[in-house]
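# Chains, contacts and geometry: an overview
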Amino acid sequence: MESAVRATHLAHRFATTDWLFTDLSFSAAQGEIVGLVGPSGCGKSTLLSILAGWLTPTEGRVERHDIQHVGWVFQNPHGVARRTAVDHVALPLIAQGMSWGQAHDMAEEHLTTFGMDGLKDRLFMELSGGEAQRLMLARAVASSPDLLLVDEPTAQLDRTSADTVNTVLTQLASTQTIVVIATHDPDTRQACTRIVDLAHNVPRAGTDQGGTG
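Residues numbered from 1 in each chain as written. Predicted model: local features only at pLDDT ≥ 70, side-chain atom pairs only at ≥ 80, totals over all residues. Heavy atoms only, no water.

### Considering the overall build of the protein chain
In plain terms, the rule: Starting at the N terminus, helices and strands are each numbered in turn, a helix being any DSSP run of H or I of at least four residues and a strand any DSSP run of E of at least two. Contacts are residue-level and defined by heavy atoms, with any inter-residue pair within 4.5 Å sufficient. Throughout, the Shrake-Rupley method with a 1.4 Å probe supplies accessible areas, and for residues the shown protein chains are the sole cover considered. Positive charges come from Lys and Arg, negative ones from Asp and Glu, while His and the chain ends are left out of the count. Note that the charge is assigned to NZ on lysines, CZ on arginines, CG on aspartates and CD on glutamates.
Along its length, the protein chain carries six helices and eight strands. Going from N to C terminus, the protein chain has its helices and strands arranged as β-β-β-α-β-β-α-α-α-β-α-β-α-β. Expressed as lengths along the three principal axes of its C-alpha atoms, the size of the protein chain is roughly 55 × 40 × 30 Å. Restricting to contacts in the protein chain with at least 6 residues of sequence separation, those with at least 24 account for 72%. When the accessible surface of the protein chain is totalled, it reaches about 10,100 Å², and 47% of it is carbon and sulfur. For the protein chain, the separation between the mean place of its 15 positive charges and that of its 24 negative charges on side chains is 4 Å.

So, in structure tokens, the structure goes:
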């Protein structure tokens, strides 16, 4: 069975907020790159958490078919200050059963893909914000997730770095990974195979009801 994610009539609000979105339905399958777009505050990051299973929607449901491993790339990169870039990418590969040497060789390949081949021995604490974000993407891709959730991958990058990331994201369409990206970047949007615009699911002012499910 191919991996797939299906959201049906999702609606969500927090105790202290109005509805972020209502009656949202869509599906995603292997090889698709789905871009979540919409105005700030419409719940794109919240929707990623719901798709991951970390957050239960106020209404509706999410079905995950054959999803064994979920990868996540946060908007603000987190790493181990005194670990090298190559270590960050190699460690999840070692956890999958690779030898140290095999993991480092493959990690170096992923770093090269993200334009970081000259930074493999640099400590995480020495990386710029853009370099750290590209490192987190390389680590996530290396772990071969069934579902990869990415929150604003180019928000902190200069244009050149952002172009590199968007190019690699485009290439993910040829893999068996389902990729869902929350973004404001029109170039990242172009890298996606399909767009889900939450602007269509933002309740009108004064609306007091959620979705249908």
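### Observations regarding the packing of helix H2 (residues 85-95) against helix H3 (residues 100-113)
Heads up, the rule is: Axis definition: a line fitted to C-alpha atoms, limited for helices to the stretch in contact. Angles are taken between N-to-C directions and run from 0 to 180 degrees. Should an angle lie under 35 degrees it is considered roughly parallel, over 145 roughly antiparallel, and from 65 to 115 roughly perpendicular; all remaining angles are considered oblique. Whether a crossing is left-handed or right-handed is set by the direction in which the near helix is turned from the far one by less than a right angle, anticlockwise for left-handed and clockwise for right-handed.
Close contact between H2 and H3 brings their axes to 8 Å; oriented N to C, the two are set at 125°. Between H2 and H3, the interaxial angle falls into the category oblique. The two elements H2 and H3 meet at a crossing, and its hand is right-handed. Residues Ala-85, Val-86, Asp-87, Val-89, Ala-90, Leu-91, Leu-93 and Ile-94 of H2 pack against Trp-100, Ala-103, His-104, Met-106, Ala-107, Glu-108, His-110 and Leu-111 of H3.

### Structural notes on the packing of aromatic side chains
To keep it simple, the criterion reads: The criterion for an aromatic pair is that two Phe, Tyr or Trp rings (for Trp, the six-membered ring) have centres within 6.5 Å, with stacked assigned to planes under 30 degrees apart, edge-to-face to planes over 60 apart and tilted to the rest. For each residue, the accessible area found with a 1.4 Å probe, counting protein chains only, is set against the maximum for its type, and the residue is called buried under 20%, exposed over 50%, and partly exposed in between.
According to the stated counting rule, one finds three aromatic pairs in the structure shown. Ring centres of Trp-54 and Trp-72 lie 4.6 Å apart, and the angle between their planes is 10°; on these two criteria the pair is classed as stacked. With Trp-54 in the loop between helix H1 (44-52) and strand E4 (59-65) and Trp-72 in strand E5 (residues 70-73), this residue pair connects regions lying 18 residues apart in the sequence. Assessed through its relative accessible area of 15%, Trp-72 is described here as buried. An aromatic cluster of three or more residues is present, and its members are Trp-54, Trp-72 and Phe-74.

### Description of the side chain of Ser-143
Note the threshold: Pairing of N or O atoms within 3.5 Å defines a polar contact, subject to two protein rules: one partner must be a possible hydrogen donor and the other a possible acceptor, and residues neighboring in sequence count only if both atoms are side-chain atoms.
Note that Ser-143 resides in the loop between helix H4 (129-142) and strand E6 (147-151). For Ser-143, the side chain forms a polar contact with the side chain of His-69, separated by 3.4 Å. Dropping the residues within four chain positions of it, Ser-143 is found in contact with His-69, Pro-92 and Gln-96.

### Section: the sheet that holds strand E1 (residues 4-12)
We count it as follows: By definition, two strands form a pair when at least two bridges between them are found by DSSP.
Taken in spatial order, the three strands of this open sheet run E2-E1-E4, and their pairing is antiparallel. Pairing within the sheet leaves two strands with one partner each, and these edge strands are strand E2 (21-29) and E4. When the angles between neighbouring strand axes are averaged without regard to direction, this sheet yields 5°. Where E1 meets E2, six bridges bridge the pair, whose relative direction is antiparallel. Of the residues in E2, the one forming a bridge with Arg-6 is Ser-27.

### What to know about the packing of H2 against H4
What counts, and what does not: Side-chain classes follow a simple rule in which Ala, Val, Leu, Ile, Met, Phe, Trp, Tyr, Cys and Pro form the nonpolar group, Asp, Glu, Lys and Arg form the charged group, and the remainder, Gly included, forms the polar group.
Two elements in contact, H2 and H4, have axes separated by 8 Å at closest approach and are oriented at 20°. Judged on the interaxial angle alone, H4 and H2 are roughly parallel. The way H2 lies across H4 gives a crossing that is right-handed. The residues of H4 that touch H2, namely those facing Ala-85, His-88, Val-89, Pro-92 and Leu-93, are Leu-135, Met-136, Ala-138, Arg-139 and Ala-142. Residues that form the contact of H2 with H4 fall into these classes: eight nonpolar, one polar and one charged.

### A word on H1
Counted residue by residue, H1 has eight buried out of nine residues, so it is predominantly covered. Residues of H1 that are buried include every one of Lys-44, Thr-46, Leu-47, Leu-48, Ser-49, Ile-50, Leu-51 and Ala-52, and no others. Phi turns positive, to about 90°, at Gly-53, one or two residues after H1.

### Quick look at unusual backbone geometry
In this structure, Asp-66 takes a positive phi of about 55° despite not being glycine. Counting through the fold element by element, Asp-66 comes out in the loop between E4 and E5. The class for Asp-66 is partly exposed, based on a relative accessible area of 36%. Phi angles above zero are rare outside glycine, and Glu-152 is one such case at about 50°.

Geometry only, nothing functional implied.
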